[in-house]
Each structure stands twice: as C-alpha cells, then as structure tokens.
Amino acid sequence: MDLPSLALILRAAALSPNPDERKASEQQLNQLQHTPQHLVRLLQIAVDGNCDMAVRQIASIQFKNFIAKHWSPEGSGAGEQQQRILQSDKELVRDNILVYVTQVPTLLRSQLGECLKTIIYADYPEQWPRLLDWVNYNLQNQQIYGALFVLRILSRKYEFKSDEERTPVTRIVEETFPLLLNIFNGLIQIENPSLEIAELMKLICKIFWSSIYLDLPKRLYDINLFNAWMVLFLSVSERPVPVEGQPMDPELRKSWGWWKVKKWTVQILNRLYSRFGDPKLQTPECKPFAQMFQKSYAGRILEGYLNLLNTIRVGGYLPDRIINLLLKYISNSISMKSMYNLLLPRLDVLLYEIVFPLMCFNDSDQKLWEEDPHEYVRKGYNIIEDLYSPRTASMDFVNELVQKRGKENLPKFVQFVVGIFRSYDEAPAEHKPYRRKDGAMLAVGALYDKLKQTDPYKSELEHMLVQHIFPEFNSPAGHLRAKAAWVAGQYAYINFSDQNNFRKALHSVVAGMRDPDLPVRVDSVFALRSFVEACEDLNEIRPILPQLLDEFFKLMNEVENEDLVFTLETIVDKFGEEMAPYAFGLCQNLAAAFWRCLNTSEASDDSDDMGALAAVGCLRAISTILESVSSLPQLFVEIEPTILPILQKMLTSDGQDVFEEVLEIASYMTFYSPNISLGIWGLWPLIVEALNDWAIDYFPNILAPMDNFISRGTARFLTCKEPDYQQSLYNVLSTLMTDRNIEDSEIEAAPKLIEVVFQNCKGQVDQWVEPYLRLTIDRLQRAETSYLKSLLIQVVANMLYYNPGLTLGVLHNTGLASTVFDIWFQMLQQKKKSGLPVNFKREHDKKVCCLGLTSLLALPGGQFPDEALQRVFRATLDLLVAYKNQLAEAAKVTEIDYEDEMNGLETDEDEDDDGSDGEMGMDDTEDGDEAESMKLQKLAAQAKSFRYVDEDDDDSYDDFSDDDVFQSPIDEVDAFVFFVDAIRVMQASDAQRFQNLNQSLDFTYQAIANGIAQHAEVRRVEIEKEKQKKAAEVAVTPVPAI
C-alpha cells in the first residue's frame, strides 16, 4: 500500500465522525500491520513534515504500540513473534529512526523516543553493534543533540544492572566520556547561553548519572579525568542560574531548563559522595578513591551547598527538590568528624535561620489549605512527595543532628523551641506567631524518639504536652489544630502520670474528627489510631464508639487514604467481638469505599495511586472485621451479599493486585459461615481458572478456601455435576503437577489439596484413586526438594488410609509399587548428624504416614506378603515412637508457655519498674542474662519440637510447623489406638500370620510394640475423658448473641 492511501486510512480510523467508517479503517489497519514494510511506512508518515500533524501523530502512536508489542520476542510465542517483524524491516527502522527522532516536533519525539528505547533495550549490543559507532560519529559532528538523546537511552539501559550485566558500560564510557567532557566544557564557556544549551548539559548529566549510579566505571578512577569532570560539576553547582527568562509561574519555574541542570548536577555530587566518597563504606581497593574524594571535594561541595541554601535565607529562590538534595548531603555529613567541623561555624545560621523556617507552615501551605484541602491532605500523606519535600529533609536534618551530635545540639535546640512556645503564649492574639508555633510543634513531634529516652526531657513530656500542645486543639488556626492532633498521636504511648491528661487528649482528637477543616479531621483520625493502641482502659472509648465510627465513615466518603483504614483496623482489632453490632454496617461502608477507590484507581493514570492503596486497605479491614466476629456465624450470612460482588470481580484477573486479600476474605466466608451458599460456591470456578491461568504464585493462599469448600461442603463437592468440582480440581492439579517448567516450591499446595479430598471423602471417591495416584507418582519421580517428596509420599499414605486394598492394587498395576515404598522407607531412615529426621518433620507428617502404613497391616496375606508386612510393621513402630516423643515435647513446651504467661502476669509490673531504671547494677545484669538464657532455651525447645531445625539442616522447609493451621478429619483419629486396633483385627482374622509377625521381631521391637500397646490403652481412657468433658461444656455453653 502506498503512503497516501495509508494516510487516508489512519485519518479515518482516528478522526472520522462516522463510527462505521472508523471501525472499518481499524480493521484495515489490523490486517495491514503484519504485511512487509508496513512498519517502515508508518515511520515515514510520522516523520513526513508535509503530512497533516494529526495523521503523523496517529502514525507515531500506531508505530510505537506495534513495536512495544512485537519487536522483542520475549514473553510469549517466541517463534511466532519473531515472524511478526521481518529482519529487513527491523534494519530499515533502526537505520532511519536515529536520523528522524530528533528532527520531529516534541510531541512526536516522545513517541519515537519510546520506540527507540524498546529497540535499544532489545537489540544492543548483539543485534545493533554499530549503534555506539553512530553515537561517537555524531558527537563529533553536527548531530550532537541526537547523539546525546540516543546515548541517554543507551546508558539508562544499564543504570540498575548488576556487575555481570554492566560489561557494555565499560566500552560506552571509554569511547564517549572524553567526547562528552569536551562538549560539556565548551557549553560552560558560552556566554548568555540559551535554553537549548541547558538541554544539552542536562542530557550529559543524565548520561553521567546512569553510568555511575550503581558502580563507578574504571575509566573514572583516572584522577585526571575524574578531576576534569568534577571541575565542571562544581562550576555548574556553584554559579547562579541565568536570571533572564525564568518563568514567574511556580510550577513552570521549578522545571525550567537551567534549574533542571542544577538539580542533576547536585544529584550527581550527592551520589558520588554517598556511594563512593565515604571510606568507611568502601572495599579496600576502593578506599583510596574515597579518601581522595573526601580530601579534595567533599568539603568544597559542603561549602557550596551552604552558600546555595543561604539564597533562601535572604529571600532568593531555590526549587524544593534542590533544597531537599542540599539538606540530604549536609545530613549525611554530620556523622563524619571532619565534615562536621567544617559545618560547625555556620551551623546556627543553617539550623535556626534556614532549616527551622522550612519546617514552619508557609504561604504555599496556606493557599493549598484554603483552595484545595484534598490536595493538601494528599501531599501530606504521600510517600513520594515526602522524598522530595524540603520540610521532610529539614526534619531529617534535625533528627540526624540530635541523634549523632545531640550532646552539644539537643539542649540548645530544645531551648530554642521552648522560647518559641513562650513568645507565642506571651503575644496578644492578633500577633501570635502561629506559623513559628507550627514549626516548633513539628520539631517536638519529629524528635519524639530522642526526647522520650533522654533526661531531663523524658520526665517533662507530659507537662510540655499539657502546657503547649493540647491548648492548640482549640486554636483559631486550623493548621495548629491539625498539628496538635499529630503531636498528640506521636506521644500517645508515654506513661501519663495523670490519666485525665490522656483522656483529655483522646477526647480532643475525637472532637477533631468533626472539625470544619478537612486536614484537621484527617490528622485526628490518624492520631486516634495511636490513642486506641495505647489505651489500656477501653471504657475510655467504648461509650463513644458508635459516634466515632460514624465520623470515621463520613471522612472515608471524602478522602481515599490507606492510613484511614489502618485506624479502623486498629479499632476492630482492639475491640474484637464487641464490634459485632457494628460489623454489618462496617462491612457495608468498607465495601462502598472499596468500589469508590477502585473506580478512582481505574480512572487514574497515576503510578502514585492513592485510590489503589486505599482499596487494598478496605479489603484488609474487612478481613479484620470477619476475624473479630468469627464466633458469630449468622453474621456471615448477613454480610455475604455485601462481600460477594467484590469477591466475584476481584477473583478474576482484574484483582491481581489484591488477590491475596480477596482470598483471605474468601477463606473466612467459607470457614465461618454456617454453610457455604450457592453464591460462594460460584467462586470455585473463578479460583480454579485463575490458578490455571496466572495465579500459581498464590497457590498457598488458594489452598485455604479450596480446603474449606471440600471439607465443609463435601456433599455438594461430591454430587454436583454442573459445574463438576471434582473434575475441575483434577484438571487444574494435573496441569500444574505435570508441567515441567513449574518449580517444586510452586506446587507444594497441590498434594495438600489431594490430601483434603481423600481425608474428607472417605469411601466416596474410589474413581479418583488411580488418576491421582498416577499423577503423584509421576511428580514424585521428578521431585527434587525433600519437602515436596514428603508431601507426595503423604498422598500415597492418605490413599492407603482411604482404601489400602484399592490403593495397593493401583500401585501394583503401575509397576512402581516397590519403587514408591523404597523411596518412602529410604526417606524415613534419613537422619541428620543430630539424629533428627530429615523428612516428615511435622507431627501431621508422621501421623499421616502412621495411618497409611498401619492400614496395610490389616490386609490379608494374599494382598500383602509377610516379608513386606514385617518391613512395614517395624517402620510403623519407629514412626510411632518418634511421633509419641514429638507430642510429648510439644506438650512440655505448651506447659512452659503457660507457666511463663502466669509468671508474667505476676511480675510484669516489677519488670517495668526495673526497666525504667537507667542505672542497673551488675547483679541485675546477670539476672537479665539468666532470664534471657532461659528464654532462648525455651525457644530452642520449641524449634526442636515443631521444626526440627539444626545446624546441619541444609534442606529445611518452611511449612513443617503448620500443624494447627488446618483442621482435618484425622484429627479425631488417634494413631496409637488405630495401630493397636489394626493388629487386633489381624490377630482375630489370621492368628498364624500374627504369630509369624510376632516371632520375626527382635527383643527391641517387641518391647517397643508392648510400649505402644500400653500407651494406646492410656490414650483410650484420655480420649473418653476428653469426650465427656466436651459434652459437659456444650451442655452449659450459651449460644452467642449478636
């Protein structure tokens, strides 16, 4: 197709008012996109200056999207993808895009720049080895901007690459940096430079930044070359930017070209100092360079930065980002003695005349507070904004100063803050320094960690709060009311000598939730979280709980913020079951907030998406509520209609960002509801589809709701055919377990799910024994990790317990029966140097193996020969002994925990008193060590009991301490009683076989067998007592009321 015809189709696809014509043109473009040279034609139209700009823009977007999708074959269908763009077309694109990318207007340049980035990242250096030659040639000719533009993309490819992936950087630096240095040097000499010169300098700075971000290239260890670069960077950082041409608009001014150059220069100097200039942080071979940097440059940079900051002291302008960077460098200098000595003569001016004013409420804050309070709140609680904020950098500087040089600076700074408090108190209302009071309060809140542990301040904190902070809850200045709430929240955890003061602050914070100013309401909610956590007597909050929740949800309707939900979670967690009367309303409000946040997030292109974070928080809060009312199953029935639509949407690919939270909610709904409704059962296909398509990483989270479906909805699982739950489960497990590209660790939940089926459906899924057994044996033969092997062997054990005759028959039919048992017995016999088992470490593992092996003992001789019987019998005895010992060890640890808890209740108060004494004697220290030693011994006992981890454990797995995570039908089966009953069946049905078995045992195994038999009888008595006790408890337990 010729270019004019293609241009007409592009115009119609984007600009035609007729929807049918647009659709037909889009279909034509889709048909054309894989034809030879189509990509080249799109590029030709995009760069054709005679073509209509709208059509050029459409062509550039089509070009960018196709390259992004099809240039690199990585990701899917590599063979097919490689055919999408012919190599000849790729070569034409590579040759031409370099020429045109800098010649097109800025609007199109961003599109072509993205294309160039995709191509360079995919092709350099292997498929595009001549790219660097093109850059070098044009750096020495008239295409300097184009060469720098390309070199910036090329250097950025390696900015975050580790050592072995950074090899191409060496050649890039070797060949281009001498040229860049000459160009930079020439640009600095130009008098009255234009903004185009600033753009070139900025590109060079960005190239340098990317090249040194993680590692300093060897070429720059050449002192002469490095010194030449430093001379230029220092010159740019120290000299003033041109005055002429600076925009008056604050947003345009901070992004003006010359301020951008200054920012990148400062960033480079900071990076060189923090990453390569501190001798303490360097390897021996890099230490000389760091010492040289420290001696030659660090002090001069500090001096230049202090001069720059002085600009704002005398009323000059610096962009916020540059102020932030300057203060970060100075903060990093405080801990180094030589740098601190350089700073000292100018410290007072810096701290009190530059840094402190930056901490105070200012004109910009006031304007935003009045004109856009939502934006004020967003900026105040935005992590990214914090990173670039002069106020945050000022707080960090003060903190670093009092932490590292507190002895000489903290008393002086506290005295300064107290002086502001006093002058504020003494001033008449119309002249009160509200903004300086705001800065002083911010300083007090920021220094909480230091003040609470430093004499004499820690004993004066309550007095300071009562005298200088709490009165501002009633300030006419909204920003002071907000700051009072924030500071009160910081100090909510101190020990108030007068509980009335704590109560007063709490009620002031709650009242702040009804303040006319939105930022005050938000700060009050965040402060409330601290007060709820610190509150020992919930009666302080209980009477106002309904009103508090009401105000809370009014605020959630106004503001989408994750921290708001944190406060709600804290309240729910603290009050537990007492939240039952509010649970339904809370879930309704949170669900509504979730949908609002989701809609905001979907409508926003911001990577910094507060709506998405708040949506996650809403789901987490719903989980907390469901957990708190878990003893009230009827509530789950009432809550389900509110929760179900969220689960239905977010258990699809739409919910990938919140899948873990949604699965947790699904787990609660399937476990605590009186029964699983048809609506909740409708989630099963969604979960299975997600697991099959993309959710393999969430398999451990999926296990819980799937277990609940099978164990609590067994009848429906077994009988329903539309959908067929049994078949769909087998299909997904078969797909995952036979996939050779899936790691062992990714499918550990699969054998656990098979176990759930056979334990809960005893006698009802005979048809699945053979398919699942073949699947299990196939994966067992390929499994590499000991944990997965243990889980797969337990599938075999569960099937033997389910139906030993059927399972053994299938094993024989596969021809792998002896192989499976050989693997099993070999794993049972594997021990570490300590004598502990390598495999089957949990109580649950041992019990399953015991039940499976014991089930074989009752089989008739025709199915299970005597030789195999003897082997199984001895292995079972060994397992039962290990199981018994592990249970006894666990019981002992539980007893220790209980005793410690009771002792703790008696001695906590004394320990607190001791802990508050700063001057401990030697005897106290020794007692503390002894107590610590006992605690370590207890932890070691727990590890031994539950985890069996020791120093020679090189293949431990994380899940072997999860005995209490899931309930199981075998919880009601006692392995010792089951074993003795099986032996009695054998004795009754085949006395000769029993006698032969008994005679085959040596004295040791006979003694073990007798011991197990005796223990089984003890267990029978204990089980009967436990049943009677439970029956009595049920008889007297009242039904919980809502």
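Calculation criteria
- Residues numbered from 1 in each chain as written.
- Predicted model: local features only at pLDDT ≥ 70, side-chain atom pairs only at ≥ 80, totals over all residues.
- Heavy atoms only, no water.
- UniProt positions renumbered as here; feature names shortened; annotations may be inferred.
- Helix = DSSP H or I, 4+ residues; strand = E, 2+ residues; numbered from the N terminus.
- Buried < 20%, exposed > 50% of the residue type's maximum accessible area, 1.4 Å probe, protein only.
- Contact = heavy atoms within 4.5 Å.
- Areas by Shrake-Rupley, 256 points an atom, 1.4 Å probe, with all protein chains shown as cover.
- Lys, Arg positive; Asp, Glu negative; His and termini not counted.
- Charge placed at Lys NZ, Arg CZ, Asp CG, Glu CD.
- Axes fitted to C-alpha atoms, helices over the stretch in contact; angles between N-to-C directions.
- Parallel < 35°, antiparallel > 145°, perpendicular 65-115°, else oblique.
- Left-handed = near helix turned anticlockwise from the far one by under 90°.
- Nonpolar A, V, L, I, M, F, W, Y, C, P; charged D, E, K, R; others polar.
- Expected span 1.5 Å × (residues − 1).
- Core = buried A, V, L, I, M, F, W, Y, C linked by side-chain atoms within 4.5 Å.
- Salt bridge = Lys/Arg side-chain N within 4 Å of Asp/Glu carboxyl O.
- pLDDT = per-residue confidence, 0-100.
- Phe/Tyr/Trp six-rings, centres within 6.5 Å; stacked < 30°, edge-to-face > 60°.
- Lys NZ or Arg CZ within 6 Å of the ring centre and 35° of its normal.

Looking at an unreviewed UniProt entry, the protein chain carries the name Importin beta-like SAD2, with the source organism given as Raphanus sativus. A UniProt comment under Sequence similarities (unreviewed entry) is attached to the protein chain, and it reads "Belongs to the importin beta family."

**Student:** Any chance you could explain the overall build of the protein chain here in plain terms?
**Tutor:** The number of helices and strands found in the protein chain is 51 helices and zero strands. In terms of overall dimensions, the protein chain has a C-alpha envelope of 110 × 85 × 65 Å along the principal axes. Split into buried and exposed, the 1042 residues of the protein chain put 50% on the buried side. The contacts of the protein chain with a sequence gap of at least 6 include a subset with a gap of at least 24, amounting to 75%. Carbon and sulfur atoms make up 50% of the accessible area of the protein chain, which totals about 49900 Å². Here the protein chain carries 102 positive and 154 negative side-chain charges, and the mean point of each set is 6 Å from the other.

**Student:** Just to check I follow, could you spell out the packing of helix H43 (residues 786-802) against helix H45 (residues 817-829) for this structure?
**Tutor:** When two helices pack together, their arrangement is captured by the angle between the axes and the distance separating the axes. Where H43 contacts H45, the axes come no closer than 11 Å and their chain directions differ by 120 degrees. The angle between the axes of H43 and H45 places the two elements in the oblique class. Taken as a pair, H43 and H45 cross one another with a handedness that is left-handed. Contact residues: H43 offers Ser786, Lys789, Ser790, Ile793, Val796, Ala797 and Leu800, while H45 offers Val820, Phe821, Ile823, Trp824 and Met827. Here the residues of the contact of H43 with H45 sort into nine nonpolar, two polar and one charged.

**Student:** What is the right way to read the packing of helix H37 (residues 683-693) against helix H40 (residues 725-738) from this model?
**Tutor:** Two numbers describe how H37 lies on H40: the axes approach to 10 Å, and their chain directions differ by 15 degrees. Comparing their axes, H40 and H37 come out roughly parallel. Here the hand of the crossing between H37 and H40 comes out left-handed. Facing H37, whose interface residues are Trp684, Val688, Leu691 and Asn692, H40 presents Tyr725, Ser728, Leu729, Val732, Thr735 and Leu736.

**Student:** For this particular structure, what's the right way to read the side chain of Lys483?
**Tutor:** On the secondary structure map, Lys483 appears in helix H27 (residues 478-490). Residue contacts for Lys483: discarding those within four places in its chain leaves Asp438, Met441 and Leu442.

**Student:** What's the story with helix H35 (residues 659-672) in this structure? I'm lost.
**Tutor:** Residue pairs three or four apart in sequence face the same way in an α-helix, which turns once every 3.6 residues. A rise of 1.5 Å per residue sets the reference length of H35, with its 14 residues, at 20 Å; its end C-alpha atoms lie 20 Å apart and thus fit the reference within 8%. Counting buried positions along H35 yields 10 of 14 residues, so the element is predominantly enclosed. Phe659, Glu661, Val662, Leu663, Ile665, Ala666, Ser667, Tyr668, Met669 and Thr670 are the residues of H35 that are buried.

**Student:** Hey, could you run me through the nonpolar core in this one?
**Tutor:** Generally speaking, a soluble globular protein has its nonpolar side chains buried in company with each other. Trp229, Leu729 and Trp824 are the most contacted members of the largest nonpolar core, which has 334 residues in total. With five residues, the next largest nonpolar core counts Phe361, Trp369, Ala482 and Val520 among its residues.

**Student:** So what exactly am I meant to see when it comes to unusual backbone geometry here?
**Tutor:** Trans peptide bonds make up most of the peptide bonds, and negative phi angles are found at most residues other than glycine. Cis rather than trans, the peptide bond between Tyr124 and Pro125 has omega equal to 0 degrees. With an omega of 0 degrees, the peptide bond running from Glu722 to Pro723 counts as cis. As for its position among the elements, Pro723 is in the loop between helix H39 (714-719) and H40. In this model, Asn192 sits at a positive phi of 50 degrees, which is unusual for a non-glycine residue. Residue placement: Asn192 occurs in the loop between helix H10 (167-189) and helix H11 (195-212). For Asn192, a relative accessible area of 75% gives the class exposed. Positive phi is not limited to glycine here, since Phe840 has a value of about 50 degrees. Counting through the fold element by element, Phe840 comes out in the loop between H45 and helix H46 (843-857).

**Student:** Looking at this structure, how should I read the environment of Gly257?
**Tutor:** Here Gly257 is to be found in helix H14 (residues 257-276). Residues Gly257 and Gln127, 130 residues apart in the sequence, show an inter-C-alpha distance of 35 Å.

**Student:** Explain the pattern of salt bridges here, please?
**Tutor:** Oppositely charged side chains can form a pair if their charged atoms are brought close together. Enumeration according to the criterion identifies 46 salt bridges in this entry. Here Glu175 and Arg171 are joined by a salt bridge, their closest N and O atoms 2.7 Å apart. Linking Glu175 with Arg171, this pair stays in helix H10, spanning four residues, or about one helical turn. By relative accessible area, which is 28% here, Glu175 ends up partly exposed. A salt bridge links Glu540 to Arg503; the shortest N-O distance between them is 2.7 Å. Placement of Glu540 in the loop between helix H29 (518-534) and helix H30 (545-558) and of Arg503 in helix H28 (residues 499-512) is noted, with a sequence separation of 37 residues between them. Here Arg503 falls in the partly exposed class, since its relative accessible area comes to 27%.

**Student:** Which parts of the structure should I look at to understand the confidence of the model for the protein chain?
**Tutor:** The predicted structure's coordinates, where accompanied by low pLDDT, should not be read in detail. Averaged over all residues, the pLDDT of the protein chain is 88; the fraction at 70 or higher stands at 90%. pLDDT under 50 marks residues 75-82. Its contacts with residues more than four places away, or in other chains, come to six contacts. Segment residues 905-964: pLDDT under 50, and 63 contacts once partners within four positions in sequence are set aside and those in other chains are kept.

**Student:** Just checking my understanding: could you explain the packing of aromatic side chains for this structure?
**Tutor:** Each aromatic ring pair is described using two quantities: the centre-to-centre distance and the angle formed by the ring planes. Going through the model one piece at a time under the given rule, you end up with 58 aromatic pairs. When the centroid spacing of 5.7 Å and the interplanar angle of 70 degrees are considered together, the rings of Phe496 and Phe502 count as edge-to-face. Phe496 gets classed as buried once you look at its relative accessible area, which sits at 8%. Classification of Phe502 by relative accessible area gives buried; the value is 5%. Arranged with centres 4.5 Å apart and planes meeting at 40 degrees, the rings of Trp681 and Tyr725 form a pair that is tilted. Of this pair, Trp681 sits in helix H36 (residues 678-681) while Tyr725 sits in helix H40; the two residues are 44 residues apart in sequence, bridging distant segments of the chain. Across this residue pair, the class does not change: Trp681 and Tyr725 are buried. A network of ring pairs unites the aromatic residues Tyr221, Phe226, Tyr273, Phe289, Phe293, Tyr297, Tyr305 and Tyr329 as a single cluster. The ring of Tyr317 has Arg253 lying over it, and the distance from NZ or CZ to the ring centre is 3.9 Å.

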